[in-house]
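Descriptive analysis of the structure
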Amino acid sequence: ADRGFIYLRSEYPDAAAVLAEALAAARAANLLGADVLGSGRAFDVELRLGAGAYVCGEETAMLDSLEGRRGQVRFKPPLPAVAGLFGLPTLIHNVLSLAAVPDILAGGAQAYAAMGTGRSRGTLALQLAGNVVRGGLIEVPFGMTLRQAIEEIGGGTESGRPVRAVQVGGPLGAYLPASLLDLPLDYETLAEAGGLLGHGGVTVFDDGVDMAEQARFAFEFCAVESCGKCTPCRIGAARGAETIDRLRAGIEPQAARALIDDLCETMAEGSLCALGGLTPLPVQSALRHFPEDFAPAPAASAAS
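Here goes a summary of the coordinates provided. (Residues numbered from 1 in each chain as written. Predicted model: local features only at pLDDT ≥ 70, side-chain atom pairs only at ≥ 80, totals over all residues. Heavy atoms only, no water.)

1. Some words on the sheet that holds strand E8 (residues 174-177)
- With mixed pairing, the five strands of this open sheet are ordered in space as E6-E5-E9-E7-E8. Whereas interior strands pair on both sides, the edge strands pair on one side only; in this sheet they are strand E6 (136-141) and E8. Within this sheet the neighbouring strands show an average axis-to-axis angle of 30°, counted without direction.
- For strand E5 (residues 123-130) and strand E9 (residues 201-206), the ladder comprises four bridges, and the chain directions are parallel. In the sheet register, Ala129 faces E9, and the bridge partner there is Thr203.
- Strands in contact with helix H11 (residues 280-289) are strand E7 (163-168) and E8; relative to E8, the strand with the most contacts, it is inclined by about 25°. (Pairing = 2+ DSSP bridges. Helix = DSSP H or I, 4+ residues; strand = E, 2+ residues; numbered from the N terminus. Axes fitted to C-alpha atoms, helices over the stretch in contact; angles between N-to-C directions. Contact = heavy atoms within 4.5 Å.)

2. Comments concerning the state of the cysteines
- Enumeration according to the criterion identifies zero disulfides in this entry.
- As a non-bridged cysteine, Cys56 has Cys227 as the owner of its nearest cysteine sulfur, 8.7 Å distant. (Disulfide = S-S within 2.5 Å.)

3. A look at the nonpolar core
- Grouped together as the largest cluster of nonpolar side chains are 33 residues, with contacts concentrated most on Val55, Met211, Phe219, Ile260, Leu275, Val283 and Phe294.
- Put simply, the parts of the chain that give this core at least two residues each are helix H7 (211-225), helix H8 (231-248), helix H9 (253-270) and H11.
- If you tally residues by element for this core, the top one is H7, at seven residues.
- Apart from residues lying up to four places away in sequence, Leu275 is in contact with Tyr54, Val55, Leu172, Phe221, Cys222, Glu225, Ser226 and Cys233.
- The next biggest cluster of nonpolar side chains, apart from the first, holds 23 residues, and it includes Leu124, Leu128, Phe142 and Leu183. (Core = buried A, V, L, I, M, F, W, Y, C linked by side-chain atoms within 4.5 Å. Buried < 20%, exposed > 50% of the residue type's maximum accessible area, 1.4 Å probe, protein only.)

What follows is the structure, given as structure tokens:
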């Protein structure tokens, strides 16, 4: 390979400026260019700004975007390692993998693997957000509990009210109740609890949250961000939001609940990528842990 690309969402101008400066410094140090460190080998990196589509986090949609086309998920095979960007073999790494490389090279693999727990070794980047005093980006060894991250690092809820739910893994992650706050943050434990670690997003909600509204948001988010290529994602998400509205309005609630389950199964099994395939996770976790929020709203009393 003699070409590399960094794909960045255009909503992050500060990150774009930092990356452009870093690339310029690397070229000045002869770490990038036509003759890297006098080795006779060429390698350069180009920063590309995407239009902001969430689905371009999926590797093949990102490749379409890099090629100047609308970001849509590709059928696989072929895998990108066989035929990727411009039809050439392409390796795709996320920023977490690349960020771990300097520590591993500097301290050795054993030192890096000494951090963490079980099969989840090294460090984890978390984005603390939502109803929390100190939000932001943190890096901790795998195995820290949710409670430690929220209370010791995040300072607890900004409202001062008790935590009711935490979404772990980003907008497609599961909603976990306060009873699971002592779960360690690692891939295996969260999977066993019916969740996922995803990209490390941790969004905190206090006891004023409406979890039915959060489940509806998951469907709505998927409908807005879908690339539209596959029917389960494109249609299922829109029908899901409508069906939650019917459930909350008390319109044939048993049929609505059954339809939500059917839609979630179809999306999980039939979607081309993880956008549609993981949308059922926040929906079903909210239904499982917070069923009371999905009861029909009581009718307003008549004016006297």
